Every structure is written in structure tokens, then in C-alpha cells.
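If you want the building blocks of each chain, they are given just below.
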Amino acid sequence: MTSPAHLRYLDLITHSVWAALALHVAFGVFFALTGFRDLALFNAGSVALYALLAFQLRRGRFTVTLLLTTVEVILHARLALSALGFESGFQYYVFALIPAAFFHPHWRLPAKLVYLAGIAAAYATLDLSPVTQAGAAPLSPDTLLWVRTFNTFAAFGFVAYVTGFYSSVARQAENELAQLATLDPLTGLYNRRHMLGMVELELARLERSGKPATLLMADIDNFKGINDQHGHECGDLALKQIARCLRTVMRRQDHIARWGGEEFLLLLPETDLEGARVLADKLRARLAGKPLNWNDASLTFTLTAAIAQLQPGDDFLAALSAVDGGLLQGKREGKDCVVTVSALGEPTGPQVARAA
Ligand SMILES: Nc1nc2c(ncn2[C@@H]2O[C@H](COP(=O)(O)OP(=O)(O)OP(=O)(O)O)[C@@H](O)[C@H]2O)c(=O)[nH]1
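Since this is a predicted model, take the numbers as computed values, not measurements. (Residues numbered from 1 in each chain as written. Predicted model: local features only at pLDDT ≥ 70, side-chain atom pairs only at ≥ 80, totals over all residues. Heavy atoms only, no water.)

Enquirer: Help me understand the overall build of the protein, please; the structure alone is not making it clear to me.
Expert: On a plain count of helices and strands, the protein comes out with 13 helices and eight strands. Each of the 356 residues in the protein was classed as buried or not, and the buried ones make up 44%. Counting contacts in the protein only where the partners sit at least 6 residues apart, residues at least 24 apart contribute 70% of the total. Element-wise, carbon and sulfur atoms account for 62% of the exposed surface of the protein, whose accessible area totals about 18400 Å². (Helix = DSSP H or I, 4+ residues; strand = E, 2+ residues; numbered from the N terminus. Buried < 20%, exposed > 50% of the residue type's maximum accessible area, 1.4 Å probe, protein only. Contact = heavy atoms within 4.5 Å. Areas by Shrake-Rupley, 256 points an atom, 1.4 Å probe, with all protein chains shown as cover.)

Enquirer: Before we go on, may I ask you to explain the nonpolar core in this structure?
Expert: Among soluble globular proteins, nonpolar side chains are generally buried collectively. Of all hydrophobic cores here, the largest spans 48 residues; its most connected members are Tyr 9, Phe 31, Leu 84 and Phe 90. Elements represented by at least two residues in this core include exactly helix H1 (4-33), helix H2 (37-56), helix H3 (62-84), helix H4 (92-95), helix H5 (97-102), helix H6 (109-128) and helix H8 (141-182). Sequence-distant contacts of Phe 90, that is, excluding residues within four places in its chain, are made with Phe 27, Phe 31, Ala 77, Ala 80, Leu 81, Leu 84, Val 147 and Asn 151. Core analysis: the next-biggest nonpolar cluster, separate from the first, contains 33 residues, Leu 216, Leu 239, Leu 246 and Ile 307 among them. (Core = buried A, V, L, I, M, F, W, Y, C linked by side-chain atoms within 4.5 Å.)

Enquirer: How do you make sense of the UniProt feature "transmembrane region" (unreviewed entry) in the protein when you look at a structure like this?
Expert: UniProt feature "transmembrane region" (unreviewed entry): in the numbering of this structure it lies at residues 12-33, 39-57, 64-84, 90-107, 114-133 and 145-166. Helix makes up 100% of residues 12-33 and strand makes up 0%, while its end C-alpha atoms are separated by 32 Å. Between the first and last C-alpha atoms of residues 64-84 the distance is 30 Å; the span itself is 100% helix and 0% strand. (UniProt positions renumbered as here; feature names shortened; annotations may be inferred.)

Enquirer: When you look at the environment of Ile 226 in this model, what are you seeing that I'm missing?
Expert: Examined against the element boundaries, Ile 226 turns out to sit in helix H10 (residues 223-230). For Ile 226, a relative accessible area of 10% translates into the label buried. Through-space distance from the C-alpha of Ile 226 to that of Asp 236 is 9.7 Å; in sequence the pair is 10 residues apart. Ignoring sequence-local partners within four residues, the contact set of Ile 226 consists of Gly 231, Cys 234, Gly 235, Leu 299 and Phe 301.

Enquirer: Could you clarify how one ought to interpret the site of the ligand in this entry?
Expert: Taken together, 17 residues are adjacent to the ligand, and Asn 222, Phe 223, Lys 224, Asp 236 and Arg 258 come closest. Here an oxygen atom of the ligand sits 2.7 Å away from a polar atom, N or O, in the main chain of Lys 224. Relative to its unbound accessible surface of 660 Å², the ligand loses 68% to contact with the protein. For the shell around the ligand, the secondary structure elements donating two or more residues are strand S1 (213-220), H10 and helix H11 (232-249). Broken down by element, the shell around the ligand gets its largest block of residues, four residues, from H11. Of the residues belonging to the shell around the ligand, the class tally is four nonpolar, five polar and eight charged. (Near = heavy atom within 4 Å. Polar contact = N/O pair within 3.5 Å; in protein donor to acceptor, adjacent residues only side chain to side chain. Nonpolar A, V, L, I, M, F, W, Y, C, P; charged D, E, K, R; others polar.)

Enquirer: Just to check I follow, could you spell out the pattern of salt bridges for this structure?
Expert: Between side chains of opposite charge, pairing is possible as soon as their charged atoms come close. Here the structure, examined in full by the defined rule, presents nine salt bridges. A salt bridge links Glu 87 to Arg 148; its shortest N-O distance comes to 3.2 Å. Placement of the pair is Glu 87 in the loop between H3 and H4 and Arg 148 in helix H8, with a sequence separation of 61 residues. Of the residues examined, Glu 87 reaches a relative accessible area of 47% and is grouped as partly exposed. Residue classification places Arg 148 among the partly exposed residues on the basis of a relative accessible area of 28%. Ionic pairing is found between Asp 336 and Arg 284, a salt bridge with its closest N-O pair at 3.2 Å. With Asp 336 in the loop between helix H13 (316-332) and strand S7 (338-342) and Arg 284 in helix H12 (residues 273-288), this pair connects stretches of sequence that are 52 residues apart. Each of Asp 219, Asp 221 and Lys 331 takes part in a single network of salt bridges with overlapping partners. (Salt bridge = Lys/Arg side-chain N within 4 Å of Asp/Glu carboxyl O.)

In C-alpha cells:
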């Protein structure tokens, strides 16, 4: 039973118990100094309770902790209000119990609603009782103002802490979801779906600006042999390193995705064929210069690439199939080379270049 939600809640409850302990020490001293002996004694009992709860929380018993805390908060509020009156603001702490119960990771909604009804009823008895309204021995107006202000800030502070805690959890979860939706989990590069969105955007830009963009498809040579000889774990590590390598060579505005197993698609905005060829050679040189050390072996990689320039009005799928065809041609002609094709699929210029 150690799900992330469980661990998060345990964190929250642990911080809250320590905060409650500190608060009760402070109030214990205050009540002792102002002559409220009963309240000081109750605080001493509360400090002992919170110390015990902090200790047993290590075993993850947060339901017991929440229920005992609830009883303590309500009894304490009752006692303090009976002594000092409703104006002292000790009832505010009851509100701080609401988020603590609603974020409980194992309680279902009906349990939360029952709990909520229970603390609402307890609050109503505090609110409606003449004893807790008046208080037996009210403080001086100045002291009362200080106590109420302090209680307001402490209770609001707690609610703000819980809300902030869970809003940062929600933000983190959103970021993780966004990453899952856009990134390839192994290499951290864009996934195919996100790349299609980027392509759409770049094509729209290309239509407006008229500046060329180039598509570059790269495939690692003989990758099957890496898996077969050194295992899948080595293959995965190699892919990660290759992805890092490719990314360091590209410009910031270039886009790269893991298109398939050991196949990468790059979209290079404002880059013509000549620029793409230079980049492809840089990629090949960088790969050659970055061997992967695996056990006693030093593994070097080569890639075959195909490039096609996109003009305004070009169809992306046709260009994609053109670079796919270019790749096949490069593989047939010995790999470790760059093949230039037109977006319509006909080879243009020097078809296969090997200079690194
Ligand atoms: N470790 C690992 N291997 C992968 C992954 N995705 C694809 N592969 C492997 O990549 C290899 C691709 O094999 P092929 O398509 O024959 O390509 P190749 O061996 O690179 O041959 P050429 O492309 O002709 O040079 C297969 O063994 C796949 O299992 C991955 O995520 N991790």
C-alpha cells in the first residue's frame, strides 16, 4: 500500500502533525503565562498526542492520525472557546480539517461526506452553544485581538499549505501527462504524433514565408546486430546516446522525433538541401566520434540518411515516402551515406554522398 498518492498524503499528514505539535507548544506556553491552567494542561496533553502520532505515522497509519487529530481539534476548540469565547477564533481550526479529509487517498466520497457532516455538526455545536459563545473568562480586548488574529493566520496558513501542496502535485501530474503525450519515453525526443503537429505548423509557416525547409530521415545502420550481440539493454542505451548525440548537433529551431525503432525524423526549418547535407554529415561525424562503451566493447554507429527539400504547396506524406525511398536506396548502396531526393521522390543532384 505505498502508492504515490499514499506517500504524498503521508508527507502532508506528517508535516501537519509536526506543525500542530509546534502550535500546541506555543499555545501551551501562552496559556501557562496568561494563567489558563486547564488550557495549558490540555495543550500539554495535545503535544503528547501529536508526538505519539508523529511517531506512529512512520508505519503509515494516517487514517487513525486524521481521526485522532479531528477529535483533538474539536475538543480543544470547545475547551478554548468555553474559556475565552467565540471571538478567540479557535473554531477556525475545524475548517482546516476539510481539505485533509478530502485528499485522503483511500476514503471514498460517501466516507468523506460523512466525515464532513460530522465536523460540520461539531462546528455547529460550537457556534450555537451560549457557553462557547460567551467564554468563562474573556481575555483583555487587546490580547483577544492578538489571539484571534493569530488563529486566523494559522488556520488560513494550513489550508493554503494543503491547497498549495496539492496544486503543485496537480501541476506535476499535468506536466508528466503532457510529456507522455509528446515525448518518446526512451529517448526523450518528440514522438511521431507530436512531430506531425510540428510539421503541420512548419508547413503553414513555409507557405507564408516561402523559405525552404528540409526533411531528414536517419536510420542507424545494422542496429539489429547490436541487440543480437549485446542484448536489448545495450540497444536501448545506444538509442538514448544516439538521440543525445543527434540533438547536440542540431539547431534549436530544428525538430527531431523518434520516428520508429532506430529511425529518426528531422525537420529543418529555413534550411535548403545544401544546409541539410552539411547537418547530415555533422550527424554522421558526431556519431562516429561517440562510441558507446559496453562491457569491454567500444561500439561505434553509422547512419544512413535521406533528405528532401519541402517547397510551399508540397505534400508532407509524399515527401515522407520520398525520404523513405531514399533511405532504402542508401541501405542498398552500402549504408553510411546521405541520399538526396526531391519531395516528389526523384533523386536530385548527387544521389549518394559519403563524405563525412
Ligand atoms: N534495444 C532496442 N532495439 C530496438 C528498439 N526499436 C527497434 N529496435 C531494434 O532495431 C533493429 C532494427 O533492425 P532492422 O530493421 O533489421 O535494421 P538494421 O539492423 O539497423 O539494419 P539496416 O537498417 O539495414 O542497417 C531490430 O533489431 C529492433 O528490435 C528499441 O526501442 N530498443
